[in-house]
Amino acid sequence: MSKSFEDIAMMPIGRVSGGRVEATKDYWGNNRATIVLRDDLLAPDALNGLDAHSHIEVVFHFHIDADEPSEAGARHPRGRADWPVVGIYAQHGRMRINRIGVSICRLLGVNGLEVEVEALDAIDGTPVLDIKPVWSGYRPRGEFREPEWAREIMASYWE
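Counting from 1, residues in each chain are numbered in the order their sequence is written. Reporting in this predicted model follows two pLDDT cut-offs: at least 70 for local features of residues, and 80 or more for side-chain atom pairs to be given and counted; totals over whole chains, interfaces and linings ignore these cut-offs and use all residues. The side-chain figures draw on all heavy atoms in the structure; neither hydrogens nor water molecules are used.

## Looking at the packing of aromatic side chains
Stacked, edge-to-face and tilted are the three classes for Phe, Tyr and Trp ring pairs, Trp counted by its six-membered ring, which pair at centre distances within 6.5 Å; planes under 30 degrees apart are stacked, over 60 edge-to-face, the rest tilted. One pass over the full model with this rule turns up four aromatic pairs. Both rings, one in Phe60 and one in Phe62, keep their centres 5.2 Å apart while their planes meet at 80°; by these two values the pair is edge-to-face. Neither Phe60 nor Phe62 differs from the other in exposure class; each is buried. Measuring from ring centre to ring centre gives 6.5 Å for Trp83 and Trp149, while their planes differ by 40°; the resulting arrangement is tilted. Taken together, the residues span a long stretch of sequence, with Trp83 in the loop between β4 (74–75) and β5 (86–87) and Trp149 in helix α1 (residues 148–154) at a distance of 66 residues. Each residue gets one of three labels from its accessible area relative to the maximum for its type: buried under 20%, exposed over 50%, partly exposed in between, using a 1.4 Å probe on protein chains only. Secondary structure follows DSSP: runs of H or I at least 4 residues long count as helices, runs of E at least 2 residues long count as strands, and numbering of each begins at the N terminus.

## Notes on the environment of Ser103
On the secondary structure map, Ser103 appears in strand β6 (residues 100–111). Spatially, the C-alpha atom of Ser103 lies 24 Å from that of Pro44, the residues being 59 residues apart in sequence. At a separation of 2.6 Å, a polar atom in the side chain of Ser103 contacts the side chain of Asp121. Two N or O atoms count as a polar contact when they lie within 3.5 Å, although within protein this holds only if one can serve as hydrogen donor and the other as acceptor, and sequence-adjacent residues are included solely when both atoms are side-chain atoms.

## Let's talk about the pairing of strand β1 (residues 14–17)
Here the rule is simple: two strands pair whenever DSSP picks up at least two bridges between them. Inspection of the sheet shows β1 paired to strand β2 (residues 32–37) by four bridges, in the antiparallel sense. Bridge pairing in β2 places Gly14 opposite Leu37. Relative to strand β8 (residues 127–133), β1 runs antiparallel, the two being bridged by two bridges. Pairing of Arg15 across the sheet is with Pro127, part of β8.

## Describing the side chain of Asp26
Mapped onto the elements, Asp26 comes out in the loop between β1 and β2. On the basis of relative accessible area, Asp26 is assigned to the buried category, the value being 17%.

## Points about the nonpolar core
Side-chain atoms within 4.5 Å are what join buried Ala, Val, Leu, Ile, Met, Phe, Trp, Tyr and Cys residues into a set we call a nonpolar core. One finds Ile35, Ile56, Val58, Val115, Val117, Leu120 and Ile131 to be the most contacted residues of the largest nonpolar core, which totals 20 residues. Put simply, the parts of the chain that give this core at least two residues each are β2, β3 (55–61), β6, β7 (114–118) and β8. Throughout, a residue-residue contact means that at least one pair of heavy atoms, one from each residue, lies within 4.5 Å. Apart from the residues within four sequence positions on either side, Ile56 is in contact with Ile35, Leu50, Ser103, Ile104, Cys105, Leu107, Val115, Val117, Ile131, Lys132, Pro133 and Val134. Formed by five residues, the second largest nonpolar core is a distinct cluster that contains Trp83, Val86, Trp149 and Ile153.

## Comments concerning the pattern of salt bridges
The rule for a salt bridge is simple: a side-chain nitrogen of Lys or Arg has to be within 4 Å of a carboxyl oxygen of Asp or Glu. Under the counting rule described, the total for this entry stands at eleven salt bridges. A salt bridge links Glu152 to Arg80; the shortest N-O distance between them is 4.0 Å. Within this pair, whereas Glu152 is found in helix α1, its partner Arg80 is found in the loop between β4 and β5, the two being separated by 72 residues in sequence. Among the residues examined, Glu152 registers a relative accessible area of 38% and is labelled partly exposed. Arg80 gets classed as partly exposed once you look at its relative accessible area, which sits at 33%. By sharing partners, the salt bridges in this structure join Arg32, Arg106 and Glu118 into a single network.

Listed below in structure tokens is the structure:
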């Protein structure tokens, strides 16, 4: 049975302000930034209670190099021939079709519609699509596994 697909449109609820200005591969752990939310979309109390959480998940749009072709197949992660060829949805590459990124970062504080964070792997100016609190109930259940090359990629990512 074939179903049709409809395009969807999203609008940013805010932007990353400050922090890194270049999207490099590693060393995101000390990146501090502010997520400034739009007061034309959100009520002043939209973040009430968020500061009770230690971490948030930020959904954002990879806007840098958005004109590069999307990756719809498989490739070596980071172009490393010593790692296996895996599909774009088996890695976190930015050149996916919808260019959506997600990042769990430390919540440092909330001030009105501004959220101070650390270890967000998005750069100054990045459009933010959503923010969610990280709850332990959403952590992986059961056995967790990942390939060795994924652990290698992350070895310096948060330093």
